[in-house]
Amino acid sequence: MNCDWQKIILHVDMDAFFAQIEERDKPWLKGKPVIIGGPPNSRGVASTCNYEARKYGVHSGMSLTECYRKCPDGIFLRTHGGKYSSVSVEVMTALFEFTDKVHAASVDEAYMDMTDCRAVFHGLPEMGKAVKQAVWDKVKLTCSAGIAPNKYVAKMCSGENKPDGLTIMNVEEFRRRFAPRKLSALVGIGESTEKALNSMGIWNIGQLQQYPEKALKDRFGVNGPRLRDLANGEHTGEVTPMGLESEEKTMGHESTFRQDTDDVEYIKAVLLKLSEDAARRLRRGGFKGRRVTLKLRYADFSTLTHQRSMNYLTNEEGDIYREACKCLEEALIPHRKVRLVGVRVSHLQKTGDSYSVFQGDFFKSGSEAKKLQALKAVDSLRDRFGEKVMRYAGDQIVSVK
Ligand code: TTP
Ligand code: MG
């Protein structure tokens, strides 16, 4: 293939995923506006709708009452989460036929590092068509694909020609094409970040591409330059296989907030709880892990993961929590509301002894044996009195009964 990109990243996003599955399974829905979420008079919001319903102005997150007002002839269906998850697994399985480097980023989207498949195809369009066809053959559903030299631009591409689209762009083309668009067209820029940028006189992506880095840093901290990088389509993230890893390979927990939040302290408190849960499961199973992955799902359901690797193996909450917080600092987009966080530990090794010696520096004083005792005690207390009984705070164990 005649392509001089260093990396070839393909992003797949299923079209109107939940709605398309229902249309596939109920042929009488064909051509009708379909809204998924529940009956029109019920509380709650639409999780998605098909492209027919979108013509009426209906969209994900809209209250079902509002959907009904906009589209009284729509067909309103309940969500069937279990079915959608199993279709999701089938989709991912089809993608794994091409490469092991598949990262399932959410229920209906995945990144694939196709660099090593370069020789198999005559060109990028052929590669894209082959992946889309494989998905169709497996689940009889259409998806949209984007191909680019990095993950961010690939993701932006897959949204360009929905449904059933295929878009290929290099970074220069991305910059040129997106320059005139509003900031909200960038995945990763939410409403409040957009407002903050507007107040600095930045209204479109082209202006952000050029904006002095220092001024952005002064206003948004370390995330400032990242915003400019997004506008310029600069992204260095790797496609880390994740999402379909088996329980043996990773251990983790996630939690959906009762209300979406951008309160960093609150998010950190939840990370602490998730780190404790993950650590406890590691210890119980006799595992230690080297890599901590943070998962963030924003209010608009866009999902990202960010990971850090340690140069030692651990099964301590202190280590896991510290790495999860660093991931949060690196990955969180300020002022953007978060709906779910998850902490996962991977690159596991069986230690044999389920309470074996710890190597982290969480307990600064005391011998390894004391650490072991303390952790055993905490685990058994939690077993007897529930999760809330003991909690790590900073670098000590406190009771929060
Ligand atoms: P999306 O990929 O955002 O949406 P979609 O696949 O329905 O439509 P598009 O063609 O624009 O990609 O989300 C995937 C699924 O996740 C979606 O079918 C339903 C679910 N979802 C929710 O439950 N609530 C939400 O707010 C969103 C955005 C998605
Ligand atoms: Mg989708």
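Bear in mind the structure is a predicted one, so any value in this text is a computation, not a measurement. (Residues numbered from 1 in each chain as written. Chains lettered and ligands numbered in written order. Predicted model: local features only at pLDDT ≥ 70, side-chain atom pairs only at ≥ 80, totals over all residues. Heavy atoms only, no water.)

A. Structural detail: the coordination of the magnesium ion (ligand 2). In this structure, Asp13 (OD), Met14 (O) and Asp108 (OD) serve as the protein donors to the magnesium ion (ligand 2), at separations of 2.0 to 2.2 Å. What the six donor atoms of the magnesium ion (ligand 2) show is an angle range of 80 to 177° at the metal, which sorts the shape as octahedral. Counting gaps between the donor residues of the magnesium ion (ligand 2) yields the pattern D-M-x93-D. For Met14, a relative accessible area of 2% gives the class buried. (Donors = N, O, S within 2.8 Å, 3.2 Å for Na, K, Ca; no water. Tetrahedral: all angles 85-135°; square planar, octahedral: opposite > 155°, others 65-115°. Buried < 20%, exposed > 50% of the residue type's maximum accessible area, 1.4 Å probe, protein only.)

B. The arrangement of the site of ligand 1 in detail. Not every one of the 15 residues close to ligand 1 is listed here, only the nearest: Ala16, Thr48, Tyr51, Arg54 and Asp108. Measuring from an oxygen atom of ligand 1, one finds a backbone N or O atom of Met14 at 3.1 Å. At a separation of 3.0 Å, an oxygen atom of ligand 1 approaches a polar backbone atom of Phe17. Starting from 550 Å² of accessible surface for ligand 1 in isolation, the protein chains cover 83%. Looking at the shell around ligand 1, the elements with two or more residues in it are strand 1 (9-14), helix 1 (17-25) and helix 2 (51-54). (Near = heavy atom within 4 Å. Polar contact = N/O pair within 3.5 Å; in protein donor to acceptor, adjacent residues only side chain to side chain. Areas by Shrake-Rupley, 256 points an atom, 1.4 Å probe, with all protein chains shown as cover. Helix = DSSP H or I, 4+ residues; strand = E, 2+ residues; numbered from the N terminus.)

C. Structural detail: the packing of aromatic side chains. Here the structure, examined in full by the defined rule, presents six aromatic pairs. With a centroid separation of 4.2 Å and 20° between ring planes, the pair formed by Phe18 and Tyr84 is classed as stacked. Here the residue Phe18 occupies a position in helix 1, and Tyr84 occupies one in helix 4 (residues 81-96), the gap between them amounting to 66 residues. The pair Phe18 / Tyr84 is uniform in exposure class, with both members buried. Residues Tyr68 and Phe76 carry aromatic rings whose centres are separated by 6.1 Å and whose planes lie at 65° to one another, so their mutual orientation is edge-to-face. Assessed through its relative accessible area of 41%, Tyr68 is described here as partly exposed. With relative accessibility at 13%, the residue Phe76 sits in the buried group. (Phe/Tyr/Trp six-rings, centres within 6.5 Å; stacked < 30°, edge-to-face > 60°.)

D. Expanded view of the environment of Ser85. For Ser85, the position within the fold is in helix 4. The exposure class of Ser85 is partly exposed, given its relative accessible area of 39%. In sequence terms Ser85 and Val107 are 22 residues apart; their C-alpha atoms lie 6.8 Å from each other.

E. Structural view of the nonpolar core. With 37 residues, the main nonpolar core has Leu10, Leu95 and Met114 as its most contacted residues. Not counting chain neighbours up to four residues away, the residues in contact with Leu95 comprise Val12, Val102, Ala110, Met112, Val131 and Val135. (Core = buried A, V, L, I, M, F, W, Y, C linked by side-chain atoms within 4.5 Å. Contact = heavy atoms within 4.5 Å.)

Purely geometric stuff here, so don't read any function into it on its own.
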